[in-house]
Amino acid sequence: MIKLELPVVKFTAEQTEFRNTVREFLIEEKKRGAFESRCDSWLSGESVDFSRKLGQKGWIGMTWPKKYGGRERSALERYILTEELLTAGAPVAAHWFADRQTGPLFLKFGTEEQKNFFLPMITKGECFFSIGLSEPNAGSDLAAIKTKAERTDGGWLLNGSKIWTSGAHLSHYMIVLCRTSPFDPNNRHAGMSQLVVNMKAEGLTVRPIQFLTGQHHFNEVFFENVFVPDNRLIGIEGNGWKQGMAELAYERSGPERILSTYPLLDELIKILRENDDEEGMREAVSLLPELWTLRNMSMGVAKYLEEGHDVNMAAALVKELGTKFETSIAEKARLLLSQLPSIESAELINRFMAQSILHGPGFTLRGGTTEILRGIVAKGVVSQ
Amino acid sequence: MSDMLDMIIESSNRIFKDNCTKQLLDDAEDGNFAIDLWNIIAESGLSSIALPENKGGAGGDFIDAFNILKLAGKYGLPLPLAETLIAKWLGTELGFTFSNEPVTFSIQKDDNISFKMTGDGYSIAGEAKDVPWASAAKHILLLGKSNEKDVIAFVPLDNAKIIKGKNLAAEPRDHVIFPNILANGLSLREVNCIDISEKSIHLLALAKSAMIAGAAEKVLALSLFYANERQQFGRSLHRFQSIQQHIAVLTGETTACLTAANSAIYALQGGRYEKEIPLAKMKLSESAGVIAMAAHQLHGAIGMTYEHMLHHMTRRLWSWRDEAGNEAYWGKKLTKLIMKDKDSSLWEILTNDKQFTKVEE
Ligand SMILES: Cc1cc2nc3c(=O)[nH]c(=O)nc-3n(C[C@H](O)[C@H](O)[C@H](O)COP(=O)(O)OP(=O)(O)OC[C@H]3O[C@@H](n4cnc5c(N)ncnc54)[C@H](O)[C@@H]3O)c2cc1C
């Protein structure tokens, strides 16, 4: 019989206390105008100052060892922090990838030198990363990447390009998945490696790609004989695919796959209550069972991750169901409010709606499309 | 969770698995009460779980009990286990004592049951609708009025008139009529009608939630088996991407069902239920329909035959999603609670363990 059950998480009193601390901090910051809430703030809310401030509080890389600048807090505390940041719509995009996956990647596969060099900077909110996976001809079929690194004196020469790289224009470094051996049709996943590439390196150019809102979030990045020193290879040469896959469970199961549009839901409930609109509230309330369930699923995966279980399938499930939920909020809100969603509106709710609708298609694409995730889930259960 | 959980789960799994055959389910549907299986269950203590041993129970807690109900759902157990457990939990608190027989309850504040003192006992009049398994139970825990007061009594069903009814899965849902029945030696307990009816529907909603989660697991297992076994165009069905989409939906919804049920079960054991049980029942009721349809689509015509096992599970899903309150029922309740709790944002409500301030009906 297949085992689908996830553990039930109950927060301790200290953890709840921590949640309140974060919450109060965010209320204060908002009050003093440090940020304006927005939906999908982990992709599109960037503030270098705010990231620094979180770094000062010890809230970037908070689970990492103290000797690398971390605070050795638990994964569940990080979970709480993440939830509070997202539901407040705080500008966390700048440091997001470094905190979520690059730090853990270094901790798992990095050399001592790399850990000592990068991790403390990341935790201070002074070093941002972007993730270079997709290429013009390698989307869902990531193994089709062509960007390659060839041996040279003291390092590698990198050639090729990446596309859709979120925040490349803000980041100091990029984790690039590239070929370090020629493509082998019989073993498509072999011969790939992960390199840390300095965004200031000679031969590297970043070209903005305008997002459908007209804003600038993702980019195309070109490498022309970019020199990457030997000590900037992560882990083992040729092991890049496997190392990259290990990041995915973190990438797919977190609260950001459920809460990207949460600020809209919170505001919607607030308005319905102010308007004493019981009928509307009943409609809005129909979103809550899904949200509550997804949150519990995601927390269960977080707990399993911390305990070292294999959660690839469960993580794919959370992302598949969670991102569908994220898009459903705006669909409900527009019918309940009948207002004009607009990015530039003076009314918060209209901006939230616009952000949710216009960013919506990305939720079910980035980090593995719904179709691909469903394939992973189906193959996972069939083989069990 | 008590220390016994693993052991209890293993032994109930074995009992249900060995006994809940297709034949037994078919027979139950024809109106044959599975008395032998009931006796096995009662003797093994499963029908008095989460009742203290000094009150004649088998010990254990709500986590044990609702995990057993999850298994009952998974095997389509055609017996009033949930009803008996809930009647015993509520009744024991009121000081009633129980034997090993199956019992049921009707604690609906809209029923018009009256108890009139006569001689050594009471005369009972009124009707109770949609009572689960009344035709199989010997006693019913019954809410009514006596001298303007709300009372509960543990009433023998011998002389009651029972008009048999059934839900979509042909489980008994009977109409019970008390045409001025004389019951001697009956003792009444005064109760707060709203509190006890709320408590009973919350418990039943969680029981149905656990059972839906169990049934969902079985539907997924049947679907995986069939997608593997059945070939078309020279390939097993699961090789087709569109079938994989159905499998992914079934897996996702089933995992969600298990998570929602488990979260509410742990919440109840921790003394919380006001938000959690409504949220869980809404989620499970919603998923029940999605799961049933995806599984039938995957099974093709064979799934529509009585021969096949699938319908025993899908008809239960379709029944249970509407019993003990469907999405609309609980949605309305949650709406009231959220409208009233003006000082908390939705996020505070979702993340705080605190319960709502009481809403007067
Ligand atoms: C907002 C946003 C931010 C992003 N940020 C980054 C980033 O920072 N770094 C990065 O590397 N990438 C990033 N991406 C890229 C993202 O990872 C890709 O969009 C995703 O992997 C899909 O690739 P594609 O867009 O080329 O679509 P394609 O792979 O061409 O897919 C197109 C359609 O075909 C479907 N499809 C493809 N293959 C199959 C199959 N085998 N079976 C069934 N259906 C299939 C897909 O599901 C999709 O519906 C970002 C994307 C977005 C939208």
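Calculation criteria
- Residue numbers restart at each chain and count upward from 1, following the sequence in its written direction.
- Lettering for chains starts from A, numbering for ligands starts from 1, and both go in the order in which the items are written.
- Local features are withheld for residues below a pLDDT of 70 in this predicted model, meaning they are given only at 70 or higher, and side-chain atom pairs are given and counted only at 80 or more; totals for whole chains, interfaces and linings count all residues.
- Only hydrogens and water are set aside when side-chain values are computed; all heavy atoms of the structure are taken into account.
- Segmentation of the chain into domains, including their bounds, is taken from an automatic or database domain assignment.
- Contacts are assigned to residue pairs with any non-hydrogen atoms lying within 4.5 Å of each other.
- By definition, the buried area sums, over both parts, the 1.4 Å-probe accessible area that each loses when the two are put together.
- Salt bridge criterion: a side-chain nitrogen from Lys or Arg within 4 Å of a carboxyl oxygen from Asp or Glu.
- Whenever two N or O atoms come within 3.5 Å, that pair is a polar contact, provided that in protein one can donate a hydrogen and the other can accept it, and provided that, for residues adjacent in sequence, both atoms are side-chain atoms.
- Side-chain classes are defined by residue name, with Ala, Val, Leu, Ile, Met, Phe, Trp, Tyr, Cys and Pro counting as nonpolar, Asp, Glu, Lys and Arg as charged, and the others, Gly among them, as polar.
- The rule for a residue being near a molecule or strand is that one of its heavy atoms must lie within 4 Å of it.
- Only DSSP runs of H or I with at least four residues qualify as helices, and only runs of E with at least two residues qualify as strands; both kinds are numbered from the N terminus onward.
- UniProt positions are given in the numbering used here, feature names are shortened, and annotations may be inferred rather than shown by experiment.
- Paired rings are identified among Phe, Tyr and Trp, the last through its six-membered ring, by centres lying within 6.5 Å, and are further divided according to the angle between planes into stacked (under 30 degrees), edge-to-face (over 60) and tilted (the rest).
- Three exposure classes are used, based on accessible area relative to the maximum for each residue type with a 1.4 Å probe and protein chains only: buried under 20%, partly exposed in between, and exposed over 50%.
- Definition used: whenever NZ (Lys) or CZ (Arg) falls within 6 Å of the ring centre and also within 35 degrees of the ring normal, the charge is taken to sit over that ring.

Engineer: Quick question: what am I supposed to make of the domain arrangement of chain B here?
Structural biologist: Interfaces are often sized by the accessible area lost when the parts come together. Residues and elements named next belong to chain B. Under the domain assignment, chain B is made up of domain 1 (1–79), domain 2 (105–191) and domain 3 (194–351). Placing a centre on the C-alpha atoms of domain 1 and another on those of domain 2 gives a separation of 25 Å. At the junction of the two partners, domain 1 supplies four residues and domain 2 supplies four residues. Summed over both sides, the interface of domain 1 with domain 2 buries roughly 360 Å², with 65% coming from carbon and sulfur. Taken together, domain 1 and domain 2 are joined by zero salt bridges. Where domain 1 packs against domain 2, one counts zero residue pairs in polar contact (both at pLDDT 80 or more). Counted by class, the side of domain 1 that touches domain 2 contains three nonpolar, no polar and one charged residues.

Engineer: How should I be thinking about the site of the ligand in this particular structure?
Structural biologist: All names here are of chain A. Among the 16 residues in the neighbourhood of the ligand, the closest are listed as Ser134, Ser140, Ser166, Thr369 and Glu371. Leu133 has a polar backbone atom sitting 3.0 Å from an oxygen atom of the ligand. Between the ligand and Ser134 there is a distance of 2.8 Å, counted from an oxygen atom to a backbone nitrogen or oxygen. Elements with a contribution of two residues or more to the shell around the ligand: strand S3 (155–166) and helix H13 (370–383).

Engineer: Just checking my understanding: could you explain the UniProt feature "domain: Acyl-CoA dehydrogenase/oxidase N-terminal" (unreviewed entry) in chain A for this structure?
Structural biologist: Listed under "domain: Acyl-CoA dehydrogenase/oxidase N-terminal" (unreviewed entry) in the UniProt record, and renumbered for this structure, are residues 12–126 of chain A. As annotated, residues 12–126 of chain A has a helix share of 64% and a strand share of 0%, and its two end C-alpha atoms lie 32 Å apart.

Engineer: Explain the domain arrangement of chain A to me, please; I cannot follow it from the model alone.
Structural biologist: Residue and element names in this part refer to chain A. The domain boundaries assigned to chain A delineate domain 1 (13–127), domain 2 (131–239) and domain 3 (253–383). The distance between the C-alpha centroids of domain 1 and domain 2 comes to 25 Å. The partner domain 2 presents 18 residues to the 17 residues of domain 1 that form the contact. Across the domain 1 to domain 2 interface the summed buried area is about 1500 Å²; carbon plus sulfur atoms make up 65%. Linking domain 1 with domain 2 are one salt bridge. A salt bridge links Arg232 to Glu113, with the shortest nitrogen-to-oxygen separation between them at 2.8 Å. If you list the elements that add at least two residues to the side of domain 1 that touches domain 2, you get helix H2 (41–44), helix H5 (93–109) and helix H6 (112–123). Residues of the side of domain 1 that touches domain 2, tallied by class, amount to eight nonpolar, five polar and four charged.

Engineer: Where do I start with the packing of aromatic side chains in this structure?
Structural biologist: How two aromatic rings sit relative to each other is set out by the distance from centre to centre and by the angle between their planes. Evaluation of the coordinates by the stated rule reveals 22 aromatic pairs over all chains. Here Phe233(B) and Phe240(B) contribute two aromatic rings whose centre-to-centre distance is 6.2 Å and whose plane-to-plane angle is 80°, an arrangement assigned as edge-to-face. Taken together, a centroid distance of 4.9 Å and an interplanar angle of 90° make the contact between Tyr329(B) and Trp330(B) edge-to-face. Judged by its relative accessible area of 0%, Trp330(B) is buried. One aromatic cluster is present, formed by Phe18(A), Phe25(A), Phe35(A), Phe50(A) and Trp59(A) through successive ring pairs. Taking the ring centre of Phe11(A) as reference, the NZ or CZ of Arg19(A) above it sits at 5.3 Å. Its end group placed over the ring of Phe96(B), Arg189(B) keeps NZ or CZ at 4.5 Å from the ring centre.

Engineer: Is there a simple way to explain the UniProt feature "domain: Acyl-CoA dehydrogenase/oxidase C-terminal" (unreviewed entry) in chain A in this structure?
Structural biologist: Following the UniProt record, the feature "domain: Acyl-CoA dehydrogenase/oxidase C-terminal" (unreviewed entry) maps to residues 284–381 of chain A here. Between the C-alpha atoms that bound residues 284–381 of chain A there is a distance of 33 Å. The span itself is 77% helix and 0% strand.

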